[in-house]
Amino acid sequence: MSERGDGRPLGGERANDRKQKNGVRLTGRGAIALVVAFTLLGRILQAVFGPSALVGVAFLAGCAGAVALVNRRDLLSLVVSPPLAFFAATLVAEAVASLSAPTPIQAFGLGMFTALSAGAPWLFAGSLLVLVVAWRRGLASCVRELREELRTAGPDIPRPRVGDSAGFAPEPEGYFEPKVYGTPRDGQ
């Protein structure tokens, strides 16, 4: 019997329906790669057509697509990554562009400075877009989960004993020196 009386599938088949309903989801790494790929595509379009706004528009489109498609649990890692993704794409694009220059190091340095300066408004807009959309998708609950996880996984710190007025808490036994059990024998 693979269906209920009302025609809906049983058990595992419902999970597949939910996956199909949610559509495509990206991991955090996949979403960051999407932003880098869109930014590199914008650099290529800029080289072909000329307007520098193409890089910014492509970066914004990559950010929007990444934050819309990323798994909810990976929102926190995606929110902090647009500046790094923009820098990585700019680094690759300028490294490739400076290879044909008479002085590649000078061309690379000047190209990085120019590209990052011109892309700063787009970088801020993309970072803000990711932050706002991620907040609406549940970023606050991801931050709460991280705090709780860090709180419960924290190391056990020795606390001062209740009657100790100096507040001295010795290191755990065997922390710095191994403990020698028993008493020394005569002649040793």
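In this report, the structure presented in the accompanying data block is examined. What you see is a predicted model; the values in this text were computed from it and never measured.

With that settled, the discussion passes to the overall build of the protein. The helix and strand inventory of the protein stands at seven helices and zero strands. Starting at the N terminus and walking to the C terminus, you meet the elements of the protein as α-α-α-α-α-α-α. When burial is assessed residue by residue, the protein has 22% of its 188 residues classed as buried. In the protein, of all internal contacts separated by at least 6 residues, the share reaching a separation of at least 24 is 65%. Working note: accessible area of the protein is about 13500 Å², and carbon and sulfur atoms make up 63% of it.

What follows is about helix α3 (residues 53-69). For α3, built from 17 residues, the straight-helix expectation of 24 Å at 1.5 Å per residue is met to within 8% by its first-to-last C-alpha distance of 24 Å. Listed in full, the buried residues belonging to α3 are V55, G56, A58, F59, G62, C63, A66 and V67. Along the axis of α3, the buried residues cluster in a sector spanning 165°; they form a single face. Residues of α3 that are buried make contact with α2 (28-49), α4 (75-79), α5 (82-97) and α6 (104-137).

With that out of the way, let us pick up the packing of aromatic side chains. If you walk through the whole model with that rule in mind, you get one aromatic pair. Seen in terms of ring centroids, F59 and F86 are 5.0 Å apart; in terms of plane orientation they differ by 75°. Their pairing is edge-to-face. With F59 in helix α3 and F86 in helix α5, the pair connects residues that are 27 residues apart, well separated along the chain. The two residues F59 and F86 agree in class, both being buried.

What follows is about the pattern of salt bridges. Counted according to the given criterion, the structure contains two salt bridges. Between R72 and E145 there is a salt bridge, with the nearest N and O atoms lying 3.7 Å from each other. Here R72, found in the loop between α3 and α4, pairs with E145, found in helix α7 (residues 139-153); they are 73 residues apart in sequence, far enough to count as distant. Among the residues examined, R72 registers a relative accessible area of 34% and is labelled partly exposed. The salt bridge partner of R151 is E148, with a shortest N-O separation of 2.8 Å. Taken together, the positions of R151 and E148, both in helix α7 and three residues apart, correspond to about one turn of that helix. A relative accessible area of 39% places E148 in the partly exposed class.

The residue A118 is located in helix α6 in this model. Measuring from C-alpha to C-alpha, the distance between A118 and S52 comes to 8.1 Å, with 66 residues separating the pair along the chain.

Before going further, it helps to examine the environment of L128. Tracing the backbone shows L128 in helix α6. You can call L128 exposed: its relative accessible area is 52%. Along the primary structure L128 and C63 are separated by 65 residues, whereas in three dimensions their C-alpha atoms are 9.7 Å apart.

Quick look at the packing of α3 against α6 now. Between α3 and α6, whose axes approach to 9 Å, the crossing angle comes to 15°. Judged on the interaxial angle alone, α6 and α3 are roughly parallel. Seen along the crossing, α3 lies across α6 with a hand that is right-handed. Together, A53, G56, V57, F59, L60, C63, A64, V67 and A68 of α3 and W122, L123, A125, G126, L129, V130, V133, A134 and R137 of α6 make up the contact between the two elements. The residue makeup of the contact of α3 with α6, split by class, is 15 nonpolar, two polar and one charged.

Cut-off values and rules
- Residues numbered from 1 in each chain as written.
- Predicted model: local features only at pLDDT ≥ 70, side-chain atom pairs only at ≥ 80, totals over all residues.
- Heavy atoms only, no water.
- Helix = DSSP H or I, 4+ residues; strand = E, 2+ residues; numbered from the N terminus.
- Buried < 20%, exposed > 50% of the residue type's maximum accessible area, 1.4 Å probe, protein only.
- Contact = heavy atoms within 4.5 Å.
- Areas by Shrake-Rupley, 256 points an atom, 1.4 Å probe, with all protein chains shown as cover.
- Expected span 1.5 Å × (residues − 1).
- Arc of directions from axis to C-beta.
- Phe/Tyr/Trp six-rings, centres within 6.5 Å; stacked < 30°, edge-to-face > 60°.
- Salt bridge = Lys/Arg side-chain N within 4 Å of Asp/Glu carboxyl O.
- Axes fitted to C-alpha atoms, helices over the stretch in contact; angles between N-to-C directions.
- Parallel < 35°, antiparallel > 145°, perpendicular 65-115°, else oblique.
- Left-handed = near helix turned anticlockwise from the far one by under 90°.
- Nonpolar A, V, L, I, M, F, W, Y, C, P; charged D, E, K, R; others polar.

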